[in-house]
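Coordinate inspection notes
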Amino acid sequence: MLKLPGFIDPHVHVREPGQTHKEDWDTVTQAALAGGVTTILAMPNTKPPIFDEATLNLALTAAKQKARCDYAQFLGAGPDNAVGDGSRRPLHEIADKAAGLKMYLDSTFGELRLDDMTLWMPHFINFPKSSPIVLHSESRTMAAGILFAAIYDRPVHIAHVSLKEEILLIKAAKEKGIKVTCEVCPHHLFLTSPSPLTPLPQGEGNHAANPTSPFGRGQGEGRLEVRPRLATQEDVDTLWANMDVIDCFATDHAPHTLEEKDSDNPPPGFPGLETLLPLLLTAVSESRLTIDDIIHKSVINPRKIFHLPEQPETWIEVDEDSKYEIKAANQFTRCGWTPFEGWQVKGRVRRVVLRGEVAFDDGKVLAEKGYGRNVRA
Ligand code: DOR
Ligand code: ZN
């Protein structure tokens, strides 16, 4: 049995307030604990979005009642919330109550996209430099975001890096001393796009080699939708070759129901909290990663980047040799599916101890609703 620190997932879509048919603070924190994750940072693209003190309190009230693991909530950058008006405090005044500021600079699920760069400026100027700005920015938009970090001399964290051009530019920016960090999601490390333009090599550890996967069969195309999109084998290979440039693993756990994913207008996103650790440990068993890589990218670096407190008496116990098949039926997430259905993995979370209490044991969540703490409170 291997003992590891509790994982931090800096990128989770909780769906509460507003879309609790997909997930809520109860189910998402059960999924987190089952995945060995003891702290989650929640994204603001809920309904309504979390973009001021009132909506932040809405999310935090639900979290306080229901969360079973520790958490913090991001604020979302909008076109006019960097500065206050008579009825609303500016974001920088409530920054210390939040995980940080999330800026959506490219299209995805929700309504928070900021197109015009003049709308980015007041956020870069006003949001405290001690609090992280996380960018959803892809390709050239990411380059613009890194330029903003340089101009305003403040840290930015690039969410879900998926492309060769992105990881290579981040590497170059770090070499220049620009304050940029980044995260990569398991789905961008283990899956490639099945686009007909990029034929999939067979037996490469991706979905083409997994006959029970919903992918690669000309059906369930909506289940492939995710932002950033799944990329090519060359992109995936470049991410793996630049593991030292990757600061964090983040799931971008983005649950949508199967009915929604299989509809004519499928929303982008995959659940990921419960598959993170088995996928990473399987990579360790194949000598593609080390345990030390995992501890740095899932615990030490996210704690440093997001200024998170130590969790005393907190650890996870993992059976590295346990081999099994990933099955949505065994998951706690409400969405009821996983893009890794049928994958053979090696490495199972047996037990999670959170602040001295056994929170998960042998397939059962034992932490009560409301046990989770807001790490910014
Ligand atoms: O695929 C995605 N889904 N990417 C995002 O950036 C948002 C997320 C969601 O909220 O569903
Ligand atoms: Zn996301």
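What comes next concerns the included structure. Computed from a predicted model, the values in this text were never measured in an experiment. (Residues numbered from 1 in each chain as written. Chains lettered and ligands numbered in written order. Predicted model: local features only at pLDDT ≥ 70, side-chain atom pairs only at ≥ 80, totals over all residues. Heavy atoms only, no water.)

**So, the overall build of the protein chain**
The criterion, for reference: Secondary structure elements follow DSSP: runs of H or I no shorter than four residues count as helices, runs of E no shorter than two count as strands, and numbering proceeds from the N terminus. Radius of gyration here uses only the C-alpha atoms, and the compact-globule reference equals 2.2 Å multiplied by the residue count raised to the power 0.38. Whether a residue is buried, partly exposed or exposed follows from its accessible area with a 1.4 Å probe, protein chains only, as a fraction of its type maximum: under 20%, in between, or over 50%, in that order. By definition in these notes, contact holds between two residues if any of their heavy atoms fall within 4.5 Å.
Each helix and strand in the protein chain was counted, giving 11 helices and 14 strands. Relative to the 2.2 N^0.38 estimate, which gives 21 Å for 377 residues, the radius of gyration of the protein chain is 19 Å and therefore close to what a compact globule would have. Taking all 377 residues of the protein chain together, 60% fall into the buried category. Relative to all contacts within the protein chain whose residues are 6 or more apart in sequence, the contacts with residues 24 or more apart total 76%.

**With respect to the state of the cysteines**
Counted only if it meets this: Cysteine sulfur pairs qualify as disulfides if the two atoms are within 2.5 Å.
Using the criterion set out here, one finds 0 disulfides in the structure. In this structure C182 is not part of a disulfide, and its nearest cysteine sulfur, from C248, lies 7.7 Å away. No disulfide involves C335; its nearest neighbouring cysteine sulfur is the one of C185, lying 15 Å away.

**With respect to empty space enclosed by the protein**
We apply this condition: Think of a 1 Å grid over the protein atoms and nothing else: a 1.4 Å probe that fits but is trapped marks a cavity, an open set flanked by protein within 12 Å on at least five of seven lines marks a pocket, and residues with an atom within 4 Å of a point count as lining. Grid points are joined across faces, edges and corners, and a volume is the space filled by probe spheres set on the points.
Tallied over the full model, the rule gives 3 cavities of 30 Å³ or more. The computed volume of the largest cavity comes to approximately 110 Å³. Residue lining of the largest cavity: 18 residues in total, with H13, T108, R227, D252 and A254 positioned closest to the centre. In terms of lining, the second largest cavity is formed by P186, H187, T251, F270, P271, G272, T275, L276, L279, P339 and F340. Elements that contribute at least two residues to the lining of the second largest cavity include exactly α7 (186-190) and α10 (276-285).

**Observations regarding the coordination of the zinc ion (ligand 2)**
So the rule is basically this: Here a donor is an N, O or S atom found within 2.8 Å of the metal, or within 3.2 Å if the metal is Na, K or Ca; sites may look incomplete because water is not among the atoms.
Distances from the zinc ion (ligand 2) to its protein donors, H11 (NE2), H13 (NE2) and D252 (OD), fall within 2.0 to 2.2 Å. By relative accessible area, which is 6% here, H13 ends up buried. Under the relative-accessibility criterion, D252 is labelled buried at 5%.

**As for the site of ligand 1**
How we decide: To be near a molecule or strand, a residue needs just one of its heavy atoms within 4 Å of it. Each polar contact in these results corresponds to two N or O atoms within 3.5 Å; when the atoms are within protein, one needs to be able to donate a hydrogen and the other to accept it, and residues that are neighboring in sequence are counted only if both atoms are side-chain atoms. Note that accessible areas follow from Shrake-Rupley with a 1.4 Å probe, and for residues the cover is restricted to the protein chains shown. More than half of a molecule's atoms lying within 2 Å of a cavity's or pocket's grid points is what places that molecule inside it. In this classification, the charged set is Asp, Glu, Lys and Arg, the nonpolar set is Ala, Val, Leu, Ile, Met, Phe, Trp, Tyr, Cys and Pro, and all remaining amino acids, among them Gly, are polar.
Taken together, 14 residues lie around ligand 1, and R15, N45, T108, R227 and H256 are the ones closest in. Residue R15 places a side-chain N or O atom 2.7 Å away from an oxygen atom belonging to ligand 1. Between ligand 1 and the protein, one listed contact pairs an oxygen atom with a side-chain N or O atom of T108 at 2.9 Å. In isolation ligand 1 exposes 290 Å². Once the protein is present, 100% of that is buried. Given that more than half its atoms are within 2 Å of the pocket grid, ligand 1 belongs to the largest cavity. For the shell around ligand 1, the per-class residue count stands at 4 nonpolar, 7 polar and 3 charged.

**Notes on the nonpolar core**
Note the cut-off: Only buried Ala, Val, Leu, Ile, Met, Phe, Trp, Tyr and Cys residues count toward a nonpolar core, and they belong to the same one when joined by side-chain atoms within 4.5 Å.
Counting residues in hydrophobic clusters, the biggest one holds 94 residues, and the most contacted among them are I40, M103 and I158. For this core, the leading source of residues is α10, giving 7 residues. Counting 15 residues, the second-largest nonpolar core is a separate cluster that includes I8, M43, A72 and F306.

**Quick word on the pairing of strand β11 (residues 315-325)**
How we decide: Strand pairing is defined by DSSP finding a minimum of two bridges between the two strands.
Here 3 bridges tie strand β1 (residues 2-4) to β11, and the two strands are oriented antiparallel to one another. Opposite K3, over in β11, you have E317 as the bridge partner. Two elements, β11 and strand β12 (residues 344-354), share 8 bridges in a ladder whose sense is antiparallel. Note that in β12 the partner of E317 across the bridge is R351.

**Thoughts on helix α11 (residues 291-305)**
The test is simple: By this rule the span expected of a helix is its residue count minus one, scaled by 1.5 Å. One axis is fitted to the seven residues ending at the residue and one to the seven starting there. The bend at that residue is the angle between these axes.
The first and last C-alpha atoms of α11 sit 20 Å apart over 15 residues, in line with the 21 Å expected at 1.5 Å per residue. The largest bend along α11 reaches roughly 35° and is located at K297. Lining the buried residues of α11 we find β1, β2 (7-12), β8 (156-158), β9 (180-184), β10 (248-249) and α10. H307, located one to two residues past α11, shows a positive phi value of around 50°.

**Notes on the sheet that holds strand β7 (residues 133-136)**
Note the threshold: Between N-to-C directions, angles span 0 to 180 degrees; the directions come from axes that are lines fitted to C-alpha atoms, helices contributing only their stretch in contact.
Taking strand neighbours across the sheet as the criterion, the 6 strands line up as β5-β6-β7-β8-β9-β10 in an open arrangement whose pairing is parallel. Pairing within the sheet leaves two strands with one partner each, and these edge strands are β5 (75-76) and β10. Of the strand pairs in this sheet, β9 and β10 are connected by 2 bridges, and their pairing is parallel. Following the sheet pairing, E183 is matched in β10 by C248. Across the face of the sheet, helix α5 (residues 140-151) comes into contact with β7, β8 and β9 while running at roughly 165° to β8.

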